[in-house]
Amino acid sequence: MLSKRRKTRIVKVGNLKMGGEAPISVQSMTNTDTRDVHSTLSQIRELEKAGCQIIRLAVVDMDAAVCIGKIKKASRVPIVADIHFDWRLAIECVKRGIDKIRINPGNIGEKYKVKEVVKACMDNGIPIRIGVNAGSLKVLKKNPKPQWTAHQWANKMVKEAMEQVETLEEMGFKDIVVSLKADDIDRTLLANKIFASKTDIPLHLGVTEAGTFISGIVKSSLGIGLMLSEGIGDTIRVSLTESPKLQVRVAYELLKSLGLAKYGPDIISCPTCGRCQANISAVVHKVEEKIYSDPSIRDKAKGMKIALMGCVVNGPGEAREADFGICAGKGKGIWIEKGKQTKVISEKEWANEVIKKIRTFSKSKM
Ligand code: SF4
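Not measured: the values here are computed from a predicted model. (Residues numbered from 1 in each chain as written. Predicted model: local features only at pLDDT ≥ 70, side-chain atom pairs only at ≥ 80, totals over all residues. Heavy atoms only, no water.)

Novice: Can you lay out the nonpolar core for me, pointing to particular residues and giving the numbers?
Specialist: Counting residues in each nonpolar core, the largest one holds 104 residues, and the members touching the most others are I83, I101, V178, L180, F195 and I358. In terms of residue count, the dominant contributor to this core is helix α6 (residues 150-170) (8 residues). Both domains that furnish three or more residues to this core are identified here as domain 1 (11-257) and domain 2 (266-365). Among residues more than four places away in sequence, those in contact with I101 are V80, A81, I83, A90, C93, V94, V117, C121, I126, P127, I128 and R129. (Core = buried A, V, L, I, M, F, W, Y, C linked by side-chain atoms within 4.5 Å. Buried < 20%, exposed > 50% of the residue type's maximum accessible area, 1.4 Å probe, protein only. Helix = DSSP H or I, 4+ residues; strand = E, 2+ residues; numbered from the N terminus. Domains from an automatic or database assignment. Contact = heavy atoms within 4.5 Å.)

This is the structure:
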């Protein structure tokens, strides 16, 4: 059971609402060189196709900031400039039409620089995310190897975020989003909980540098999942050492498993055992590949339950809740629809048959 969602102020990022009662949005970050407009736009297209709702780009120098103009014009979803060290890059991105700025208080420098960025954003209606990462806290400059407990770390992270929030709010600027990330769940969770109890500012969730495919997915799912289950979080980014497109898929699967988003079908597939005489894993992968490479199939399949079971002994019973599916035999399988066995189809047709059914299936006929 999820806790009631925390009440947050609404911040508009381009045409997307973040916070309030807006659905929890999914974002990712390109890993191309932003100065290579062609490659960056082609990755943006892939991310848009995967359903990514906000895309962040690293702006490493003035050339990259200049390219933001062209990229922004060609993007269908809001674009965020990720700025470290040089506040002038943020000002240039604002001039070039960026939808949001992300700054890290630990490395943007003196207060007057932050104020310049805030003024430019305020004049142009651009929100700012204050992104606090445990590894780049200002306080670490004086004490690079602290022996703090997770609680102490979390309090320092919140303190630095609040200092920036105060600077922005003193100037009358309210379009603020905050993220507090560490590379472990303990500090990330504690920092977000403490921050959430103090303000109504929307929170961007993530466990930073979570790792590779398996370890990163487990860590991100637990970390982000625990925060969401406490009603905390308005937008999420899953950080993996994997393609940005995969990060988006994982983010949606995470939201979907908590009932916070619909994205493609629920595939009920068994782990297989000695009773299975077919390659169910290959069929499931083929079906998923077809669904997630084509947004029209993915969207049509939204909310459907599809069972792909390894045998006709336990399969039919376990697939009862599904809208349709297959229980595998040797070389052929039973097709189940609305709880009934309707036909037998050969193994090589299974994946195509599932896709064909997604295209024509209507829940209302049930
Ligand atoms: S459905 Fe059949 S093959 Fe799959 S795990 Fe259960 S008993 Fe084994």
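Novice: I'd like a rundown of the sheet that holds strand β14 (residues 332-337), residues and numbers included.
Specialist: Pairing between the strands of a sheet is mediated by backbone hydrogen bonds and can be parallel or antiparallel. In spatial order, the strands read β11-β12-β13-β14-β15; together these 5 strands make up an open sheet with mixed pairing. Strand pairing shows two members of the sheet lacking a second neighbour, β11 (266-269) and β15 (340-346), which therefore form its edges. On average, each strand axis in the sheet is tilted by 20° relative to the strand beside it, whichever way the strands run. (Pairing = 2+ DSSP bridges. Axes fitted to C-alpha atoms, helices over the stretch in contact; angles between N-to-C directions.)

Novice: Can you tell me about the environment of I108, naming the residues and giving the values?
Specialist: Turning to its location among the elements, I108 is positioned in helix α4 (residues 105-108). Between the C-alpha atom of I108 and that of H84, which follows or precedes it by 24 residues, the distance is 6.0 Å. When sequence neighbours within four positions are dropped, the list of residues in contact with I108 reads I83, F85, W87, I103, K113 and V114.

Novice: Tell me about the packing of helix α1 (residues 37-50) against helix α9 (residues 244-257), and please be specific about residues and values.
Specialist: For any two helices packed against each other, the geometry is given by the interaxial angle and the distance between the axes. One way to put it is that α1 packs onto α9 with a least axis distance of 9 Å and a crossing angle of 15°. In terms of axis orientation, α1 runs roughly parallel to α9. Handedness of the crossing formed by α1 with α9: right-handed. Residues Q43, E46, L47 and A50 of α1 lie in contact with α9, whose contacting residues are P244, K245, V248 and Y252. (Parallel < 35°, antiparallel > 145°, perpendicular 65-115°, else oblique. Left-handed = near helix turned anticlockwise from the far one by under 90°.)

Novice: Explain unusual backbone geometry to me, using residue names and the numbers behind them.
Specialist: The backbone of F85 sits at a positive phi, close to 70°, despite the residue not being glycine. Here F85 is to be found in the loop between β5 (79-83) and α3 (87-95). Taking relative accessible area as the criterion, F85 reaches 61% and is therefore assigned exposed. Within the chain, T272 stands out as a residue other than glycine whose phi angle is a positive 65°.

Novice: With reference to specific residues and values, describe the pairing of strand β6 (residues 100-103).
Specialist: Neither face of β6 is open: one carries K100 and R102, the other I101 and I103, and all of them are buried. Looking at chain direction, β5 and β6 are connected through 4 bridges and run parallel. If you follow D82 over to β6, its bridge partner there is R102. Each parallel crossover has a hand, and for β5 linked through α3 to β6 it is right-handed. The sheet contact formed by β6 and strand β7 (residues 128-133) spans 3 bridges and is parallel. Looking at β7, one finds that R102 is bridged to R129. (Right-handed = clockwise from strand over helix to strand, strands pointing away.)

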